[in-house]
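Structure assessment
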Amino acid sequence: LSKKVQAIYLWWHKPVIDQELLQSLPNLKVIANSGVGMDHLDLKLVASFGVKMANAPRAVSSSTADTGMALLLASARRLVEVYYIAISSSMDFCEADILGVGVAGATLGIIGMGSIGYKIALRAKAFEMNILYHNRTRRKEQEEKAVRATYCKKIDSLLQQADFVMVVVSLTPQTYNLIGKRELELMKPTATLINISRGAVVDQEALVTALQTGVIRAAALDVTYPEPLPRDHPLLKLKNVIITPHLGTRTDKATYMITEEAVENILAALNGLPIPSEVLPS
């Protein structure tokens, strides 16, 4: 059937797109991804075969923003930790020193103010948070005013001020280990790091050390490197960490919308029309 295949719909990075597969599909025209991140694809290799690529940014932004806020709230109120206290067979009462941290009035620093980052800002505004953001390009003034967000040209300024730092960037050579030892040490000792982008954006060894030594208060991660982590990884043993298995887009509605967006991109490519969510190699 290789000569009949004109489109591939990637679901959770499958099938693996390599040179051998591309060579075996001479009439392939488009690869549509079930999500926004494209770091699992060699974009230049795919383009060299004359194959177009598309992602699904519109479908994933709301559900991923919801996941980011859920992790922020769960970490702030220590929900995973206190859940195990609540169901313990020896539970008499909750210790008075099991205290979370306040969200209303706290400062949220968003690193990456694209469509997902902006929807996080909308949600954070409803929680009465002060919002800082760092992005390659500054948002329009009216967009900033709508969420009461302040632009930080330098990431260091955001890290030093934020009570919660949420990372919402694509994984590129420029963002690999974007948050490392130096950046973690710039954060407040009471601050929480939330990563909903890609695991490799954060230096995990530096993060483990920062969490163990009190450099930062806590972390909440929907992504790790690798996924899943080895079962003996130190991140899995720390009480001040929440880890979820990359479920940012995993809702019934988002899954349906992702598929619809992918089909829209595929049909456009097969009919020689502009692809709504085309991704070009950088």
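Residues numbered from 1 in each chain as written. Predicted model: local features only at pLDDT ≥ 70, side-chain atom pairs only at ≥ 80, totals over all residues. Heavy atoms only, no water.

Looking at an unreviewed UniProt entry, the chain carries the name Glyoxylate reductase/hydroxypyruvate reductase, with the source organism given as Pitta sordida. UniProt lists a comment for the chain under the heading Sequence similarities (unreviewed entry), and it reads "Belongs to the D-isomer specific 2-hydroxyacid dehydrogenase family." (UniProt positions renumbered as here; feature names shortened; annotations may be inferred.)

Attention now moves to the sheet that holds strand β11 (residues 278–279). Taken together, four strands build an open sheet; the order of strands is β1-β2-β3-β11 and the sheet is mixed. Unpaired on one side and paired on the other, β1 (7–10) and β11 mark the two borders of the sheet. Where β1 and strand β2 (residues 30–33) come together, four bridges link them in parallel fashion. Across the sheet, Leu10 pairs through a bridge with Asn33, a residue of β2. Packing of helix α10 (residues 252–270) onto the sheet brings it into contact with β1, β2 and β3 (52–54), and relative to β1 it is tilted by some 160°. (Pairing = 2+ DSSP bridges. Helix = DSSP H or I, 4+ residues; strand = E, 2+ residues; numbered from the N terminus. Contact = heavy atoms within 4.5 Å. Axes fitted to C-alpha atoms, helices over the stretch in contact; angles between N-to-C directions.)

The topology assignment puts Lys253 in helix α10. Residue classification places Lys253 among the exposed residues on the basis of a relative accessible area of 59%. On a C-alpha basis, the gap between Lys253 and Val263 in space is 16 Å, while along the polypeptide they are ten residues apart. (Buried < 20%, exposed > 50% of the residue type's maximum accessible area, 1.4 Å probe, protein only.)

Pairing in this open sheet of seven strands is parallel, and the strands run β6-β5-β4-β7-β8-β9-β10 from one edge to the other. In this open sheet, the two strands that pair with only one neighbour each are β6 (149–151) and β10 (241–243). Each adjacent strand pair in this sheet contributes to an overall mean axis angle of 15°, direction not counted. Direction of pairing for strand β9 (residues 218–221) relative to β10: parallel, over a ladder of three bridges. Of the residues in β10, the one forming a bridge with Leu221 is Ile243.

What follows deals with the pattern of salt bridges. A complete count under the given rule lists 13 salt bridges for this structure. Glu144 serves as the salt-bridge partner of Arg138, at 2.7 Å between the closest nitrogen and oxygen. Since its relative accessible area comes to 8%, Glu144 is described here as buried. With a shortest N-O distance of 3.3 Å, Arg182 and Glu183 are connected by a salt bridge. (Salt bridge = Lys/Arg side-chain N within 4 Å of Asp/Glu carboxyl O.)

On to the domain arrangement of the chain, then. Domains assigned within the chain are domain 1 (2–59 + 250–279) and domain 2 (60–243). If you average the C-alpha positions of domain 1 and of domain 2, the two centres end up 30 Å apart. Taken residue by residue, the interface counts eleven residues in domain 1 and seven residues in domain 2. Of the roughly 660 Å² buried where domain 1 meets domain 2, counting both sides, 50% is carbon and sulfur surface. When the buried area of domain 1 at its contact with domain 2 is split by residue, Val36, Asp39 and Pro57 rank highest and sum to 48% of it. Where domain 1 meets domain 2, there are one salt bridge. In this structure, the salt-bridge partner of Asp39 is Arg198, at a minimum N-O distance of 2.9 Å. Across the contact surface, domain 1 and domain 2 share two residue pairs in polar contact (both at pLDDT 80 or more). (Domains from an automatic or database assignment. Buried area = accessible area lost by both parts, 1.4 Å probe. Polar contact = N/O pair within 3.5 Å; in protein donor to acceptor, adjacent residues only side chain to side chain.)

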